[in-house]
Structures are given as C-alpha cells and as structure tokens.
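Residues per chain, in single letters:
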Amino acid sequence: MYSNKKSILVIGALGQIGTELTIALRAKYGVDAVIASDRHPANEKTTEAGPYAQLNVLDKAALQTLVQEKSITYIYHLAAVLSATGEQNPLMAWDINMQGLLNVLEVAREEKLEQIFWPSSIAVFGPDAPKVDCPQDGVTNPSTVYGISKIAGEQWCRYYFEKYGLDVRSIRYPGLISYSAPPGGGTTDYAVAIFHEAIKTGSYECFLAEDTRLPMLYMDDAIRGTLELMEAPAESISIRTSYNLSGLSFSAAELAAEIQKHKPELQVTYKPDSRQAIADSWPQSIDDAVARKDWGWKPKFDVGLMTEDMLQNLGELYANA
Ligand code: VAH
C-alpha cells in the first residue's frame, strides 16, 4: 500500500495513458506529489499543470539523479513505442521499450523504491493464442517487436520481484480509447481517430477491415483499474508478469454503427493497410478472470456508454478549440 509520503514520477506523461494517469494521480494524491516527465521540453501547459521534468528514459544517470533529487518513491513508466511504429523501426522500438524498462527497474532496485507500474499489452499474444476469451496463460508468441518487447518486459518484471522483492505491477492493456491526448502509432488507434473524424468531417477511411474485432477498453476504466491494482494488498497479487484486462470487444463496423446512432451522417469506408496483419495476429477478446478474482477488477463502460462519453467530451474540446 502507499506510504503517507508519496512522490510519484510518471515517465511518458505526455502520451495517451500518461496524460490521463497524471491527472488521476494528482487528483488522488495532490498535484505536488506527482512529477510528470517526458522526452519533450517543458512548456506553458505542462508547467501550469504541475511539476514537470524533461527526461529521456534511456539516460539512466539522469533518471537516477531525478529520483534522488526529488525523493521519488513510486514510478509509473509508460514511455514506449507502440505496435505500428515499432514495425517501421524494430531495433529502435526494442531499444526504447527494453532499455527504458531496464533503466527503471535498476534505478528502482538501487534506490529502493516502493512500487513500480509498467504497462504490457494484449500484443504479447500471437496468431496461435486463443482468438476468443484469450486466457491469462494463453500462449505468447507475439508477431510484432512491440509484443516481443512486452513479453520480455513481463519476464524482467517478474525477475525483479522474485530476485529483489521489487513491487512492480503490470496490466496487459487492450486497445485504449480516450479523448484527452492523441494516441501515437498504435494499431487500435482507428477506434480513436473515427470519433475525431465523426465530429470534424463526417467521414472516415478505416485502416482495418470492417470485420476486424479487437479487445478494447475505455481510458476511464483503464486508469481506475490501474490505481486499483496499485493499491491492492501485495498478498492478493498472484500475477507478477502482467494481468490480462479487458472491458470491450467490437469490430470496426460495430463501432461505426454505434457512432452513427448519434452521427447518422458519418460515412465510413474500409481500406486495410499493413496494420491489418498486426490486428489479425491478436486475440479478438480477452479473459480477465484472474484480475477480477485477485483485485476485484470490473469494467464500467460498454460500447454505448463509451461512445456517448467520447462524443460528448470531444465535441466540447472541438467547440472550445
Ligand atoms: C497498439 N494501442 O495498438 C496499442 C495497444 C493492444 C494494442 O497495445 O499498439
């Protein structure tokens, strides 16, 4: 459990997950308890929101100095290269995803940090894993460098727990849908882009086939689940690689139809590109029974509620832009 004095570092705080996790952590523990960091220089927006540090997670010495100077006791390490971008530059993706995590684990060990969070992904599963309700122990033969880096990272997390007692916890996020920050380089990002185009232009060309069904989760649920995992008693955590988590599973056509209930004028066409092969290698739905048993995970958003919330919030953002 969290000690009274918290000093939390979020690495990758300007990304899709990091943006919302930073807001949620500050709301829960206080703005000054959470230092946001990313590879980009500080700007007016980041500085106004709270403490910010420019950090390249590949620079272990800089990370260690920041941890020491700010007396960091918790790290949420979210910086990563996602699936589609990773396939464009495999060795860069491996280096950032793997060395970045190892730097965090080593600094956490040396500085005796209290807890670490690191996101894995359902991308650890490959074509030979069960397509429907893929279980926690489904076979993991990923087809992408992103998935390879995530399954290797899971093993490193378990190693640091078993060998050094480091309390590192992880979730295999499905595709995440959110409105606060644009996703970058993911295969599931069509499910975010379609909302923006439904509001901006009324037409969207989807880079996946209409019957492509993938496991998804609304960001509100993902953030709540992450905080619940991190506050669960250590004795209830039976998985020290990474927990399967899911909330939704829908095809591109099903999502389009749900949006068209609110935006009937939306025109969607389908033109699969290289990301289709990545999507086809993943399960269509995930069994997260172990997370539900161990720490009471339960999603709140179905496709209908998610669609309403996305259109409402994105509509406001565009109206006030
Ligand atoms: C991606 N959004 O598309 C990420 C996610 C399951 C997919 O890990 O790469």
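Residues numbered from 1 in each chain as written. Predicted model: local features only at pLDDT ≥ 70, side-chain atom pairs only at ≥ 80, totals over all residues. Heavy atoms only, no water.

### Brief notes about the overall build of the chain
Argument step 1. If you tally the helices and strands in the chain, you get twelve helices and twelve strands.
Argument step 2. The globule rule puts the C-alpha radius of gyration for 321 residues at 20 Å, and the 19 Å found for the chain is close to it.
Argument step 3. Once the C-alpha set of the chain is aligned to its principal axes, its extents read approximately 55 × 45 × 40 Å.
Argument step 4. Expressed as a percentage of the 321 residues in the chain, the buried residues total 56%.
Argument step 5. Put simply, 80% of the contacts in the chain that link residues at least 6 apart link residues at least 24 apart.
Argument step 6. Charge-centre separation for the chain: the mean point of 28 positive side chains lies 4 Å from the mean point of 41 negative side chains. (Helix = DSSP H or I, 4+ residues; strand = E, 2+ residues; numbered from the N terminus. Rg over C-alpha atoms; globule rule 2.2 N^0.38 Å. Buried < 20%, exposed > 50% of the residue type's maximum accessible area, 1.4 Å probe, protein only. Contact = heavy atoms within 4.5 Å. Lys, Arg positive; Asp, Glu negative; His and termini not counted. Charge placed at Lys NZ, Arg CZ, Asp CG, Glu CD.)

### A look at the domain arrangement of the chain
Think of interface size as the accessible area that goes away when the parts come together; that is how it is often given.
Argument step 1. Segmentation of the chain into domains returns domain 1 (8-175 + 218-244) and domain 2 (177-216 + 247-319).
Argument step 2. Computed over C-alpha atoms only, the centres of domain 1 and domain 2 are separated by 22 Å.
Argument step 3. Contact between domain 1 and domain 2 buries roughly 3400 Å² in total, counting both sides, with carbon and sulfur atoms accounting for 58%.
Argument step 4. Among the residues domain 1 hides against domain 2, the three largest losses belong to Gln16, Lys131 and Tyr218. Together they make up 23% of the total.
Argument step 5. Applying the counting criterion to the domain 1 and domain 2 interface returns zero salt bridges.
Argument step 6. Here domain 1 is connected to domain 2 by 21 residue pairs in polar contact (both at pLDDT 80 or more). (Domains from an automatic or database assignment. Buried area = accessible area lost by both parts, 1.4 Å probe. Salt bridge = Lys/Arg side-chain N within 4 Å of Asp/Glu carboxyl O. Polar contact = N/O pair within 3.5 Å; in protein donor to acceptor, adjacent residues only side chain to side chain.)

### Notes on the sheet that holds strand 5 (residues 115-121)
Argument step 1. What the seven strands build is an open sheet, ordered 3-2-1-4-5-6-10; its pairing is parallel. Edge positions in the sheet fall to strand 3 (52-54) and strand 10 (243-244), since each of these pairs with one other strand and no more.
Argument step 2. Relative to strand 4 (residues 74-77), strand 1 (residues 8-11) runs parallel, the two being bridged by four bridges. Of the residues in strand 4, the one forming a bridge with Val10 is Tyr76.
Argument step 3. Sitting on the sheet, helix 6 (residues 145-164) touches strand 5 and strand 6 (168-173), and the angle it makes with strand 5 is about 150°. (Pairing = 2+ DSSP bridges. Axes fitted to C-alpha atoms, helices over the stretch in contact; angles between N-to-C directions.)

### With respect to the packing of aromatic side chains
Argument step 1. Enumeration according to the criterion identifies eleven aromatic pairs in this entry.
Argument step 2. Taken together, the ring pairs in this structure connect Trp156, Tyr159, Tyr160 and Tyr164 into an aromatic cluster.
Argument step 3. The ring of Tyr164 has Arg109 sitting right over it, with the charged end atom 5.0 Å from the ring centre.
Argument step 4. We note Arg240 situated over the ring of Phe161; from NZ or CZ to the ring centre the distance is 4.0 Å. (Phe/Tyr/Trp six-rings, centres within 6.5 Å; stacked < 30°, edge-to-face > 60°. Lys NZ or Arg CZ within 6 Å of the ring centre and 35° of its normal.)

### What to know about the nonpolar core
Argument step 1. Residues Ile177, Tyr190, Ile194, Phe195, Phe250, Leu255 and Met306 are the most contacted members of the largest nonpolar core, which totals 40 residues.
Argument step 2. Every element with two or more residues in this core is listed here: helix 6, helix 7 (190-200), strand 8 (203-206), strand 9 (213-218), strand 11 (248-251), helix 9 (252-260), helix 10 (275-280) and helix 12 (303-319).
Argument step 3. For this core, the leading source of residues is helix 7, giving six residues.
Argument step 4. Lining this core are residues from two domains, each supplying at least three of them: domain 1 (8-175 + 218-244) and domain 2 (177-216 + 247-319).
Argument step 5. Residues within four places of Ile194 in sequence aside, it is in contact with Tyr204, Leu255, Ala256, Ile259, Leu266 and Val268.
Argument step 6. Core analysis: the next-biggest nonpolar cluster, separate from the first, contains 34 residues, Ala24, Ile171, Ile239 and Ala291 among them. (Core = buried A, V, L, I, M, F, W, Y, C linked by side-chain atoms within 4.5 Å.)

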